Amino acid sequence: MQSKQISYIRTITDFEPEIAIILGSGLGDFANELKIEAVIDYKDIPDMPVSTAPSHKGRLVFGYLGEKKIVIMQGRVHLYEGYTTQQTALPIRVLRDLGVSTLILTNAAGGINKNLNIGDFMLIKDHISCFIDSPLIGKNEEEYGCRFPDMSNVYDKDLRKAIKKIAYENNICLNEGVYVQLKGPQFETPSEIKMLSALGADAVGMSTVAEAITAVHCSMKVCAISMISNMACGIYDTPLSSDDVTQATSKCAPTFSKLINEIVKAI
Ligand code: HPA
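Quick look at the structure, then. These figures come from a predicted structure and were not determined experimentally.

## A few points about the nonpolar core
Then, in step 1: Counting residues in each nonpolar core, the largest one holds 57 residues, and the members touching the most others are L60, F62, L95 and L103.
Then, in step 2: Ranked by the residues each element gives to this core, the list is headed by helix α5 (residues 209-217), at 6 residues.
Then, in step 3: Excluding residues that lie within four positions of it along the chain, L60 makes contacts with I9, A38, V39, I40, Y42, I45, V71, I72, M73 and L95.
Then, in step 4: Counting residues in each nonpolar core, the second largest holds 30 residues, with L23, I70, L174 and C252 among its members.

## Some remarks on unusual backbone geometry
Then, in step 1: Each neighbour pair has its own omega, and for G184 with P185 the value is 0 degrees, a cis peptide bond.
Then, in step 2: Residue position: P185 is located in the loop between β7 (174-181) and α4 (190-198).
Then, in step 3: Backbone geometry at D47 places phi at a positive 60 degrees, although glycine is not the residue there.
Then, in step 4: Note that D47 resides in the loop between β2 (35-41) and β3 (59-65).
Then, in step 5: One non-glycine residue, N171, adopts positive backbone phi at about 60 degrees.
Then, in step 6: Locating N171 in the fold gives a position in the loop between α3 (157-169) and β7.

Definitions and cut-offs
Residue positions are counted from 1 within each chain, in the order its sequence is given. Local features are withheld for residues below a pLDDT of 70 in this predicted model, meaning they are given only at 70 or higher, and side-chain atom pairs are given and counted only at 80 or more; totals for whole chains, interfaces and linings count all residues. Each side-chain value is worked out from all heavy atoms of the structure, with water and hydrogens disregarded. For the purposes of this section, nonpolar cores are sets of buried Ala, Val, Leu, Ile, Met, Phe, Trp, Tyr and Cys residues that join through side-chain atoms within 4.5 Å. Summary of the burial criterion: residues with accessible area below 20% of their type's maximum are buried, those above 50% are exposed, and those between are partly exposed, where the area comes from a 1.4 Å probe applied to protein chains only. Under the scheme used here, helices are H or I runs from DSSP no shorter than 4 residues and strands are E runs no shorter than 2 residues, and both carry numbers assigned from the N terminus. Two residues form a contact once any of their heavy atoms are found within 4.5 Å.

This is a description of form; function is not addressed.
See the structure below:
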């Protein structure tokens, strides 16, 4: 049965995207790269959670990037906005129902691994999800996937290989590492960062993991890229502010655009 979100979207556009891109904090302007076919505000879609975070526009942008049919989520919803992980799962299932088979997730993150620098990109190779509720808690939605989905290849190995090659060929420095999602909204303490480092996390943020789990559950191919907007609390002796995050992301926007453009071409 068609969900009410899809029924509404189909009154506006019959565009069938194959690839979805979720744009993180400060990275929303990438949507301007599309040859736009339709734009729909989340607030107009029935029961769709609406972004309240600064710099998250909160709309679906449908269009072409080259030949490829894309839908962009220009802004996402976070647990710190008061949404449950199950609510953050809904937009991912909407993307699936629209026909999306590959999901590109992006975010701004704090670097924990000292080999990372502000402005670097990190391809996520795995995640730590145990500080958030699973988006799959509750009755299993059988039409999307199984009760106990495998998580051994969340960030698709072949896609990661292709992305590393693209970065190398385009002279873009791309690290690879493990991302941990916390709930926020407060930044972490130095002791929390020490703990996360001991657990094997290279970067920390407040998004992405719940979305990736939902996407894998419904058999989408997933890749994710963090933009290191700051070093995590306690790595260096500087207090953190959300302004640093937005400043760093806007500085890196041109390289980010280049990387995503090339990735889409290769998918
Ligand atoms: N911690 C958590 N989330 C973040 C950070 C951070 O240091 N930077 C950007 N998002």
